[in-house]
Structures are given as C-alpha cells and as structure tokens.
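# Tertiary structure, described
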Amino acid sequence: LMRVNRTLELIRSRQLALGTWIELHDMYATRLLAAQGCFQWMLIDAEHSPVDGRTVAILCAMMTDISQGKITPLVRVTAGTIDKIKQALDSGAQGIIAPMINTAAEAADVVKFAKFPPEGQRGIGGLFPHLSYGVRRPDYMVDANRETFVGIQIETKEGASNIEEI
C-alpha cells in the first residue's frame, strides 16, 4: 500500500503538524534534520532557492527513508503550473505548495494538476511511482489522490480580495 501522508492525517484530525523548510538542499543537513524525529513534514523550497529535480528526488527519498515514512516530503514549486507540480510529485514529494495564487480558477488548477483522473488531470506516465509501492496502477491513483497534500499561498492584495472564492 502507498505510505500514509502523516501530515494530512494530522490535519484531518485537527492536530498540529510541525515541520521545517529546507533551503540549503544539502543531503547531510536534510538527513540530520530528518533523523531528529521532531518533524512531521519537511518542505523543499524550489521557489526561492536553486534546486534541480534530481536533488529534489534525493532529498524526498532521504526524508522518507531516514524517518521510516514518518516525515511528509513537500515541495514549494516555483509556480502552480502542471509541469512544476508534476515534476515535484513525480520526484517523490507527497505534497506541494503553489505560491502566488490570486483567483479561484488558479487554485482549482493547482488541485487539478496534482490529482490523477477522475479528480484531476495529472499524467500517469512511467512505471516507477506505483511499482515502488507494489500496487496496481488504478489502486495507486486512488491512493495518491487521497494522500497528496495540496496547498496554496495567497500573497497579493488581489488574492486576499478573492479569499472567499478561493
């Protein structure tokens, strides 16, 4: 079965989920933080710090492995676009945060891009994601939709004025 998203589990039960932001992209620092056992999530900031996809994949795997699945690897993408969201999730993130969301349509797109059909339009190319969990592809898609954290950031006056619609 797909690993449970501990952060979503806590949020859904209205409990506190503690985490930290990773901007150094250093494997050793990430490993040390993950080993402390005090975080439920660790977020790789791909928006304001330079990081390539390979490093994101290594850091996500390291967080998960060192914590024995207790840490939710998250990525703040550079934009709420299908390519940025897909890349982060296919690199092993169990969730994304999309910055600079100003409208309900933009927020809906972020969710749509992070979820597999029928809930969204995330592509299912490649064999790695579902095979690593030892489940059939249709089961993986259902589990992934349930266990993928999707967050947005409202950072502008326009976004704040549209908060009710968002």
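Before going into details, it helps to say that this report is about the structure given with it.

### Remarks on the pattern of salt bridges
- Considering all chains together, one arrives at 7 salt bridges under this definition.
- Between Arg76 and Asp45 there is a salt bridge, and its shortest N-O distance comes to 2.8 Å. With Arg76 in strand β3 (residues 72–76) and Asp45 in strand β2 (residues 41–45), the pair connects residues that are 31 residues apart, well separated along the chain.
- A salt bridge links Arg76 to Glu47; the nearest nitrogen and oxygen atoms lie 3.2 Å apart. Here Arg76 is found in strand β3, whereas its partner Glu47 is found in the loop between β2 and α3 (53–66), with 29 residues between them in sequence.

### Here's the deal with the side chain of Asn102
- Looking at the element boundaries, Asn102 is found in the loop between β4 (95–98) and α5 (104–114).
- Residue classification places Asn102 among the buried residues on the basis of a relative accessible area of 11%.
- For Asn102, the side chain forms a polar contact with the side chain of Thr156, separated by 2.3 Å.

### Looking at the layout of surface pockets
- The volume enclosed by the second largest pocket comes to roughly 200 Å³.
- In this structure, the second largest pocket is lined by Ala46, Val51, Asp52, Gly53, Val56, Val75, Val77, Thr78, Lys84, Gln87, Ala88 and Ser91.
- Every element with two or more residues in the lining of the second largest pocket is listed here: α3 and α4 (82–90).
- Considering every element that reaches the lining of the second largest pocket, the biggest residue donor is α4, with 3 residues.
- Residues of the lining of the second largest pocket, tallied by class, amount to 6 nonpolar, 4 polar and 2 charged.

### Some words on the packing of helix α2 (residues 27–35) against α3
- Following both chains from N to C, one finds α2 and α3 inclined at 25°, their axes separated by 9 Å at the closest point. One way to sum up the angle between α2 and α3 is to call them roughly parallel. The two elements α2 and α3 cross, and the hand of that crossing is right-handed. Only Ile58, Leu59, Met62, Met63 and Ile66 of α3 make contact with α2, whose side of the interface consists of Met27, Thr30, Arg31, Ala34 and Ala35.

Definitions and cut-offs
Here, residues in each chain are numbered from 1, in the same order as that chain's written sequence. Whole-chain, interface and lining totals are the exception, using all residues; otherwise, since this is a predicted model, local features are given only for residues with pLDDT of at least 70 and side-chain atom pairs are given and counted only at 80 or more. Remark: hydrogens and water are excluded; side-chain values derive from all non-hydrogen atoms of the structure. Criterion for a salt bridge: a side-chain nitrogen of Lys or Arg within 4 Å of a carboxyl oxygen of Asp or Glu. Here a strand is any run of E in DSSP of at least two residues, a helix any run of H or I of at least four, and the numbering for each starts at the N terminus. Only protein chains enter the accessibility calculation, which uses a 1.4 Å probe; a residue whose area is less than 20% of its type maximum is buried, one above 50% is exposed, and one in between is partly exposed. Each polar contact in these results corresponds to two N or O atoms within 3.5 Å; when the atoms are within protein, one needs to be able to donate a hydrogen and the other to accept it, and residues that are neighboring in sequence are counted only if both atoms are side-chain atoms. Method remark: on a 1 Å grid restricted to protein atoms, a set of points is classed as a cavity if a 1.4 Å probe fits but cannot get out and as a pocket if it is open with protein on both sides within 12 Å along at least five of seven lines; lining residues have an atom within 4 Å of a point. Grid points are joined across faces, edges and corners, and a volume is the space filled by probe spheres set on the points. Note on residue categories: nonpolar means Ala, Val, Leu, Ile, Met, Phe, Trp, Tyr, Cys or Pro, charged means Asp, Glu, Lys or Arg, and polar means any other residue, Gly included. For helices, the fitted axis covers only the stretch in contact; all axes are lines through C-alpha atoms, and the angles between them, taken along N-to-C directions, range from 0 to 180 degrees. Working definition: roughly parallel below 35 degrees, roughly antiparallel above 145 degrees, roughly perpendicular at 65 to 115 degrees, and oblique for all remaining angles. By convention, the crossing between two helices is left-handed when the near helix turns anticlockwise from the far helix through less than a right angle, and right-handed when the turn is clockwise. We call two residues in contact when some of their heavy atoms are within 4.5 Å.

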